[in-house]
Amino acid sequence: MTLPQSRMLAELTTANRPGQLDLLDHIVGLFAVSPAVTHLLVRGSLAYGTSDRLSDVDLVVGVQPSRFSAYAAVLDAVVRVELGAILPGWPDRIVPAMGGLGSVHLLEHQGHLQQLDLYLAPADRIPAIAGLARGVLVYSNSDAAPEQPNPAVEAFVRDRLAVAPSCHELLVEALVLASMLRKRLARRQRMMAYAEYHMLVTAVRSLIRTALQPSRAAYGWYHLDTEIGASSLGRACLDDLATLMDAPSVPTRETLARALEVVITVAHRVAPDTMDDLRLDLDAYLHHMT
Amino acid sequence: MITTDLHDDTATSTALIDQVGCLASITDTRLERLRHEALTVPTDWQISYEEYQSGGWATLSLLNGSGDPADVTITDCERPVATLLLERMPATRALLDELGLSYMWVRLARLDSNAFLWEHRDYTELNTIERYRLHLPILTNSSAYLVTAGAAVHMTAGRWWRLTPTYAHGVCNLRGPQRIHLIADCYDDEALRHLTADAHLPETGVRILPTATPDELLQHAQTAADLAALGWVEAAERSLLQLFYHYALSEGHTYDMIRDLHAGRGDAAAAAGWQAKKAFMLTGVRA
């Protein structure tokens, strides 16, 4: 290959660089500003070299154990203010337990909806997570003094994960899952689409039960029909839920769009205040989803 | 849909109509032509007025003193000429010609998602000649709005809006997608008076912002302090500046909160800097 050809190929490679890498650069710069951050580890397809234009940005954030809870308390504010997340972060209940807390955020990046998965972990867990998740270390803070594991972090994480999700969180969960599903369908990932559609239906069921019967929110499907169906509002919600259950278990683009309409209908019925709070967020979300 | 809830608040609606009002509409067909031009012709958007913005606000000139679209710092200009950009946007040019206004400067302004023009006053650096600003939203979304007089005004696309930017105001595009407005600064004349004669508040799109309780303000101040303590000083400042778009606050209050944030951190220089910034943004006077 001649030198000019080589240069042209290099230019083409740069021009076709996945947009997520620019976002990743920006996020790494943002998180590295905080002296509490000890490590940043890229996971997933960007780390494995198998990314495409739909890929998430998937990042593990190592934090000094002594500042873990303070960091966790403001993380969503940072993502909202600095990265312009269009929805509040969803506390990730899918990610494997690795001693920290996961969250999923939807951002607008270069005019498109971009998923950002964060996993906040105490610094002492990072070596194990790096091995488990085959992550690529993109930042380490050489100024951070080594810290011993802090038992308070474990208790903090356990307490956070034990809190029952609110209507607000359940609606965001359903919206995030619908966004994930759209990507699965584009990639023809039927197995994952099946799993995530089931999660979406379950999230809608939890939303209904949390809103209408909060004292028995943890009872899942148990006696749902009799207990929720005691009022006309409850019966309307059960009809909506049945619409989701009767749809194909691996959605198509059309049935996913219909499912999203049902999610919004249910949310209007049972959680109007939440819908009002999220009105502008929802408009932006639907712009990208429809 | 955001609705107007001003029926029981005469004082706010009176204050508001002095500051912003909607005017005549253009046809949907014409709006589509303008939108097509705005999305396809402009390139090399210019970042300017950086002190006033978060980043994400960019403009290009259509009529100015030099004919160069990249010349975007407005000044008094009684005989503006079409820029090279406007010459390539015939539908936009025809619209401006038809109105026959006494233009001072005309720009296209793009506001990206999560971008803000912070609370400020305009025209403080210009002569005291009577002039008005007209906006024609070409592309917008529900999370893009103007805040003035304690109200959020979503300027709907396809109609002219009159803004009196000598009142304190700010603009946001919270969630995107991008917003594009045509902004015409015009000298007062008969054509302008005719166009703005029926300025009124719209039926929808205006929302009185809630007043923040002391506890809410304390909570926001604490979150900002926590962000700063973790090293995110700029995020802390921006989180406070953004309160202007969520609450009806007294003029300059967000700047005072940032000054207090830095005073609390023991950074007297930063506190003084934000005190000076408040004066500049709201009066145009540099300390």
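Residues numbered from 1 in each chain as written. Chains lettered and ligands numbered in written order. Predicted model: local features only at pLDDT ≥ 70, side-chain atom pairs only at ≥ 80, totals over all residues. Heavy atoms only, no water.

What follows is about the overall build of chain B. Along its length, chain B carries nine helices and 13 strands. Taking 19 Å as the expected radius of gyration for a compact globule of 287 residues, we find that chain B reaches 19 Å, a close match to that expectation. For chain B, restricting intrachain contacts to residue pairs at least 6 apart in sequence, the fraction spanning at least 24 positions comes to 76%. Side chains of chain B give 23 positive and 37 negative charges; the mean places of these two sets differ by 3 Å. (Helix = DSSP H or I, 4+ residues; strand = E, 2+ residues; numbered from the N terminus. Rg over C-alpha atoms; globule rule 2.2 N^0.38 Å. Contact = heavy atoms within 4.5 Å. Lys, Arg positive; Asp, Glu negative; His and termini not counted. Charge placed at Lys NZ, Arg CZ, Asp CG, Glu CD.)

Our next topic: the environment of A157 of chain B. All names here are of chain B. Structurally, the position occupied by A157 is in the loop between β9 (151–153) and β10 (159–163). Along the chain, A157 and A184 lie 27 residues apart, while their C-alpha atoms are 15 Å from each other. In this view, A157 contacts L31, R35, P137, I138 and T140; residues no more than four positions away in its chain are not counted.

Residues and elements named next belong to chain B. Strand order in the open sheet formed by five strands is β6-β11-β8-β9-β13, and the pairing between neighbours is antiparallel. Edge positions in the sheet fall to β6 (115–120) and β13 (206–208), since each has one partner strand and no second. Taken over all neighbouring pairs, the strand axes of this sheet differ in orientation by 20° on average, direction set aside. Sheet analysis places strand β8 (residues 144–148) next to strand β11 (residues 169–173), joined by five bridges and oriented antiparallel. The residue of β11 that forms the bridge with V147 is G170. (Pairing = 2+ DSSP bridges. Axes fitted to C-alpha atoms, helices over the stretch in contact; angles between N-to-C directions.)

Attention now goes to the packing of helix α8 (residues 190–212) of chain A against helix α10 (residues 232–246) of chain A. All names here are of chain A. Where α8 meets α10, the closest approach of the two axes is 10 Å, and the angle between their N-to-C directions is 175°. By the angle between their directions, the pair α8 and α10 is classed as roughly antiparallel. Taking contact as the criterion, the partners of Y197, V201, V204, R205, I208 and L212 in α8 are, on α10, L233, G234, C237, L241, L244 and M245. Considering only residue class, the contact of α8 with α10 consists of 10 nonpolar, one polar and one charged. (Parallel < 35°, antiparallel > 145°, perpendicular 65-115°, else oblique. Nonpolar A, V, L, I, M, F, W, Y, C, P; charged D, E, K, R; others polar.)

Before going further, it helps to spend a moment on helix α7 (residues 167–187) of chain A. Two residues of an α-helix separated by three or four positions point the same way, owing to the 3.6 residues in each turn. Residue and element names in this part refer to chain A. Its 21 residues place the ends of α7 30 Å apart at the C-alpha level, agreeing with the 30 Å of an ideal helix rising 1.5 Å per residue. With 16 of 21 residues buried, α7 is to be regarded as a mostly interior element. Downstream of α7 by a residue or two, R188 has a phi angle that is positive, lying close to 60°. (Expected span 1.5 Å × (residues − 1). Buried < 20%, exposed > 50% of the residue type's maximum accessible area, 1.4 Å probe, protein only.)

Of the residues in chain A, 99% have a pLDDT of 70 or more, and the chain-wide mean is 93. Within chain A, no element has a lower average pLDDT than helix α1 (residues 3–15) of chain A, which sits at 80, and none a higher one than helix α11 (residues 253–270) of chain A, at 98. (pLDDT = per-residue confidence, 0-100.)

The next thing to look at is the sheet that holds strand β3 (residues 90–91) of chain A. Residues and elements named next belong to chain A. Taken together, the six strands give an open sheet; going across it, the order is β3-β4-β5-β2-β1-β6, and neighbouring strands pair in mixed fashion. Of all the strands in the sheet, just β3 and β6 (136–140) have a single pairing partner and so form its edges. For strand β4 (residues 101–109) and strand β5 (residues 112–122), the ladder comprises nine bridges, and the chain directions are antiparallel. Residue pairing for β5: S103 is matched across the bridge by L118. Here helix α2 (residues 19–32) sits on the sheet and contacts β1 (37–42), β2 (57–63), β4, β5 and β6; the angle it forms with β2, its principal contact strand, is near 15°.

Moving on, we get to the pairing of strand β5 (residues 103–111) of chain B. Residues and elements named next belong to chain B. Counting buried residues in β5 gives nine out of nine residues, a clear majority hidden from the surface. Taken together, the six bridges between strand β3 (residues 57–64) and β5 define a ladder with antiparallel strand orientation. When the sheet's bridge partners are listed, S61 is paired in β5 with R107. In this structure, β5 lies alongside strand β12 (residues 179–187), joined through eight bridges in antiparallel fashion. Bridging across to β12, W105 finds its partner in D185.

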